[in-house]
Amino acid sequence: MSLPISVVISCAGIGQRLGLSKTKALAHIYGRPIIAWQLDALHWVKDLRIVIGYQALDVIDCVKQIRKDVIFAINHEYSQTGTAASFIAGALGAKGLVVSLDGDLLVDPHDLRNFIQKSSPSLGVVPYNTDEPLEAILDDDGKEVVAIEKVVQPSPKTVEWSGLCQLTADQIELSKKLDCARGHVYELVKPHLPLPAVQVEAREIDTPSDFERAEEWLKSHSHKWDTKC
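Residues numbered from 1 in each chain as written. Predicted model: local features only at pLDDT ≥ 70, side-chain atom pairs only at ≥ 80, totals over all residues. Heavy atoms only, no water.

Enquirer: What am I meant to see in the overall build of the protein here?
Expert: When helices and strands are tallied, the protein shows seven helices and 13 strands. Its C-alpha atoms give the protein a radius of gyration of 16 Å, within 12% of the compact-globule value 17 Å for 229 residues. When the backbone C-alpha atoms are referred to their principal axes, the protein occupies close to 45 × 40 × 35 Å. When each of the 229 residues of the protein is scored for burial, the buried share is 53%. Within the protein, contacts between residues separated by at least 24 positions form 74% of all contacts whose residues are at least 6 apart in sequence. Total accessible area computed for the protein in this model is approximately 10900 Å², and 51% of it derives from carbon and sulfur atoms. Each charge class in the protein was averaged separately, 24 positive and 31 negative side chains, and the resulting centres sit 6 Å apart. (Helix = DSSP H or I, 4+ residues; strand = E, 2+ residues; numbered from the N terminus. Rg over C-alpha atoms; globule rule 2.2 N^0.38 Å. Buried < 20%, exposed > 50% of the residue type's maximum accessible area, 1.4 Å probe, protein only. Contact = heavy atoms within 4.5 Å. Areas by Shrake-Rupley, 256 points an atom, 1.4 Å probe, with all protein chains shown as cover. Lys, Arg positive; Asp, Glu negative; His and termini not counted. Charge placed at Lys NZ, Arg CZ, Asp CG, Glu CD.)

This is how it looks when you write it as structure tokens:
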């Protein structure tokens, strides 16, 4: 019997690096807010949780125009904490597996569904495509992520962590006890490595250059959101 699955979208941050004066989930890309693309890709998920902080009321208003059955959680310390704190806030009360999806991450809907339905702790990895990648260092067989490290000069062969992860509620609780609750999700993940690596098509948006590349990618992939996979 498979464990219940909760999906947490972390939308609490200020999005300062993108320079749009708004939380990145509300940034319009290819005609729609990022959060709208995410909600469509997750239309089939029953337990969907969205963590808010900066511009919280704007995020709530945007989400409710698309879907009304989501659970909202608040990261009151969004200006002093990272994505790990938001993920933990959203995961509160979850009993099984919990998927973390940052509010600046676009994932091919088919790949996202396959990742979630693996129903096991794992990390989504992609070929290097961002300005500030976190390298997913793989084992010799290329099947597991054994470490996650910041990269100064990535090579074309660099595989980066997309930001997508799936952990059990017990693993999240352990990370809290190990004082990994206020930084970033990759720090929360580290105590549980190695974890299976799952290849996905995705674009993370941290910088203006990331945004431009993601929009070009979305232009050729937007039809996948119409299939309701």
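Having seen it, we continue.
Enquirer: Is there a simple way to think about the environment of I60 in this case?
Expert: Mapped onto the secondary structure, I60 falls in helix α2 (residues 56-64). For I60, a relative accessible area of 21% gives the class partly exposed. As for I60 and A84, which are separated by 24 residues in sequence, their C-alpha atoms are 21 Å apart.

Enquirer: Got a minute to help me understand helix α5 (residues 169-177) in this structure?
Expert: Each full turn of the α-helix corresponds to 3.6 residues, which orients residues three or four apart in the same direction. Where α5 is concerned, the buried positions are A169, Q171, I172 and S175. For α5, the buried positions fall inside an angular range of 160° around the axis, keeping them on one side. α5 presents D170 and K177 as exposed residues on the side facing more than 90 degrees away from its buried surface. Packed against the buried residues of α5 are α3 (83-91), β6 (97-102), β11 (159-168) and α6 (185-189). At the C-terminal side of α5, D179 shows a positive phi close to 65°. (Arc of directions from axis to C-beta.)

Enquirer: Whenever I open this one, the pairing of strand β10 (residues 144-150) confuses me. Can you help?
Expert: In summary, the side chains of a regular strand alternate between the two faces of the sheet. As defined by bridge partners, strand β9 (residues 134-138) adjoins β10 across five bridges and the pair is classed as antiparallel. Its bridge partner lying in β10, L134 is registered against K150. The loop that links β9 with its antiparallel partner β10 comprises five residues; one of these, G142, has a positive phi angle of about 70°. Two elements, β10 and strand β12 (residues 195-199), share two bridges in a ladder whose sense is antiparallel. Across the sheet, the residue bridging to V145 is L195, located in β12. (Pairing = 2+ DSSP bridges.)

Enquirer: Help me out: how do you make sense of the packing of aromatic side chains in this one?
Expert: For any pair of aromatic rings, geometry is given as the distance between the ring centres together with the angle between the planes. Here the structure, examined in full by the defined rule, presents three aromatic pairs. Ring centres of W37 and W225 lie 5.3 Å apart, and the angle between their planes is 80°; on these two criteria the pair is classed as edge-to-face. Separated by 188 residues along the polypeptide, W37 in helix α1 (residues 34-41) and W225 in the segment after α7 (208-221) bring together distant segments of the chain. In this structure W37 comes out as buried when scored by relative accessible area, which is 5%. With relative accessibility at 6%, the residue W225 sits in the buried group. Among the aromatic residues, those joined into a ring-pair cluster are W37, W217 and W225. (Phe/Tyr/Trp six-rings, centres within 6.5 Å; stacked < 30°, edge-to-face > 60°.)

Enquirer: Please explain the nonpolar core as it appears in this structure.
Expert: Soluble, globular proteins show a tendency: their nonpolar side chains are buried together. One finds I29, I35, L42 and I50 to be the most contacted residues of the largest nonpolar core, which totals 42 residues. For this core, the elements supplying multiple residues, two or more each, are β1 (5-11), α1, β4 (48-52), α2, β6, β7 (105-107), α4 (109-117) and α7. Per-element tally for this core: the top contributor is α1, with five residues. In this structure, I29 is in contact with I34, W37, L106, I205, F211, A214, E215 and L218, ignoring residues within four places of it in sequence. (Core = buried A, V, L, I, M, F, W, Y, C linked by side-chain atoms within 4.5 Å.)

Enquirer: Sorry if this is basic, but what is going on with the side chain of S100 here?
Expert: Considering the arrangement of structural elements, one finds S100 in strand β6. For S100, a relative accessible area of 0% corresponds to the buried category. If near-sequence neighbours (up to four positions away) are discounted, S100 is found in contact with V8, F87, G163, L164, C165 and V185.

On their own, these measurements won't tell you what the molecule is for.
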